Amino acid sequence: GAGVSQSPSNKVTEKGKDVELRCDPISGHTALYWYRQRLGQGLEFLIYFQGNSAPDKSGLPSDRFSAERTGESVSTLTIQRTQQEDSAVYLCASSLKVMQATQYFGPGTRLLVL
Amino acid sequence: AQSVTQLDSHVSVSEGTPVLLRCNYSSSYSPSLFWYVQHPNKGLQLLLKYTSAATLVKGINGFEAEFKKSETSFHLTKPSAHMSDAAEYFCVVSFNDYKLSFGAGTTVTVRA
């Protein structure tokens, strides 16, 4: 299990419901990042963690989006009251450190809001 | 404004012929530059990375990229395409050392 893992791989939900997306980074990686990839578009930065703190939340689209990280390991991205425009692939990445470090990506969670 | 532009949304090549994927960036200083590949239903995989060492960077699977500061370019090449190279390729720039900015992507198809 050397890579970044994410769960679930696919999630279908109804508009208005809350969803939680999980990311398990590579062991020992202090930095963790969340991105969103909408259909036909590049990745958008959402948030990153240094340890358990989030110095930059500037990419979160609205206050319906939140994320936390515990034990300098697992992170959860929560979307409350989902909207159809939240449908996207949510990607998590981790890196050994923050500055000038290569980010290693997980396979993503494909979210579909009906 | 800092940005990254992939000049081709789609590239089609014959197996065994060269591949060229073009990328330009705009920045007031030298950024870190990456190429990632995404195969269908797979995660993003790092192909190569430039961080102000040699301007010609060799990556995995026979790919290489050349950093040209005067042209603000970081084009990706491979001398001979293989069927397994069919995927989407992203040019990625890091302007402030952690936030990656992705190009829109180039889809590569390889004809037998």
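Below is a summary of the structure that appears in this document.

Rules of the game
Residues numbered from 1 in each chain as written. Chains lettered and ligands numbered in written order. Predicted model: local features only at pLDDT ≥ 70, side-chain atom pairs only at ≥ 80, totals over all residues. Heavy atoms only, no water. Helix = DSSP H or I, 4+ residues; strand = E, 2+ residues; numbered from the N terminus. Rg over C-alpha atoms; globule rule 2.2 N^0.38 Å. Buried < 20%, exposed > 50% of the residue type's maximum accessible area, 1.4 Å probe, protein only. Contact = heavy atoms within 4.5 Å. Areas by Shrake-Rupley, 256 points an atom, 1.4 Å probe, with all protein chains shown as cover. Buried area = accessible area lost by both parts, 1.4 Å probe. Salt bridge = Lys/Arg side-chain N within 4 Å of Asp/Glu carboxyl O. Nonpolar A, V, L, I, M, F, W, Y, C, P; charged D, E, K, R; others polar. Core = buried A, V, L, I, M, F, W, Y, C linked by side-chain atoms within 4.5 Å. Phe/Tyr/Trp six-rings, centres within 6.5 Å; stacked < 30°, edge-to-face > 60°. Pairing = 2+ DSSP bridges. Axes fitted to C-alpha atoms, helices over the stretch in contact; angles between N-to-C directions.

### Concerning the overall build of chain B
Right, on to step 1. For chain B, the helix and strand inventory stands at 0 helices and 12 strands.
Right, on to step 2. Reading the helices (α) and strands (β) of chain B from amino to carboxyl end gives β-β-β-β-β-β-β-β-β-β-β-β.
Right, on to step 3. Computed over C-alpha atoms, the radius of gyration of chain B comes to 13 Å, within 12% of the 13 Å expected from 2.2 N^0.38 for 112 residues, which places it in the range of a compact globule.
Right, on to step 4. By principal-axis analysis of the C-alpha atoms, chain B measures approximately 40 × 25 × 20 Å.
Right, on to step 5. A total of 112 residues make up chain B; the buried ones form 42% of that total.
Right, on to step 6. A separation of at least 24 residues holds for 55% of the contacts in chain B among residues at least 6 apart in sequence.
Right, on to step 7. Accessible surface for chain B amounts to roughly 5200 Å². Of this, 52% is attributable to carbon and sulfur atoms.

### Quick look at the interface of chain B and chain A
Right, on to step 1. The partner chain A presents 20 residues to the 17 residues of chain B that form the contact.
Right, on to step 2. Here chain B packs against chain A, burying approximately 1600 Å² in sum over the two surfaces, 54% of which is carbon and sulfur.
Right, on to step 3. Applying the counting criterion to the chain B and chain A interface returns 0 salt bridges.
Right, on to step 4. Here the element with the most residues in the side of chain B that touches chain A is strand β5 (residues 32-38) of chain B; it accounts for 4 residues.
Right, on to step 5. Residues belonging to the side of chain B that touches chain A are distributed by class as follows: 9 nonpolar, 5 polar and 3 charged.

### A closer look at the nonpolar core
Right, on to step 1. Judged by nonpolar contacts, the single largest core of 27 residues is most densely connected at L21(B), W35(B), L47(B), L48(B), F74(B), L76(B) and Y89(B).
Right, on to step 2. If you tally residues by element for this core, the top one is strand β10 (residues 87-94) of chain B, at 4 residues.

### Thoughts on the packing of aromatic side chains
Right, on to step 1. Under the defined criterion, the tally for this structure stands at 13 aromatic pairs over all chains.
Right, on to step 2. Members of the aromatic cluster, joined through ring pairs, are Y35(A), F45(A), F105(A), F34(B), Y36(B), F90(B) and F102(B).

### Topic: the sheet that holds strand β7 (residues 65-69) of chain A
All names here are of chain A.
Right, on to step 1. Pairing is antiparallel across the open sheet formed by 4 strands, whose spatial order is β1-β3-β8-β7. Strands with a single pairing partner mark the edges of an open sheet, and in this sheet they are β1 (5-7) and β7. Pairs of neighbouring strands in the sheet enclose a mean axial angle of 15°, with direction left out of account.
Right, on to step 2. Note: β1 against strand β3 (residues 19-24), 3 bridges, orientation antiparallel. Residue S5 lies in a different strand from β3, and its bridge partner there is D24.

### Remarks on the pattern of salt bridges
Right, on to step 1. Counting across every chain of the model gives 7 salt bridges over all chains.
Right, on to step 2. Two residues, E14(A) and K17(A), come together in a salt bridge whose shortest N-O distance is 3.6 Å.
Right, on to step 3. Taking the shortest distance from any N to any O, the salt bridge between K78(B) and D85(B) comes out at 2.8 Å. Here the two residues K78(B) and D85(B) agree in accessibility, since each one is buried.

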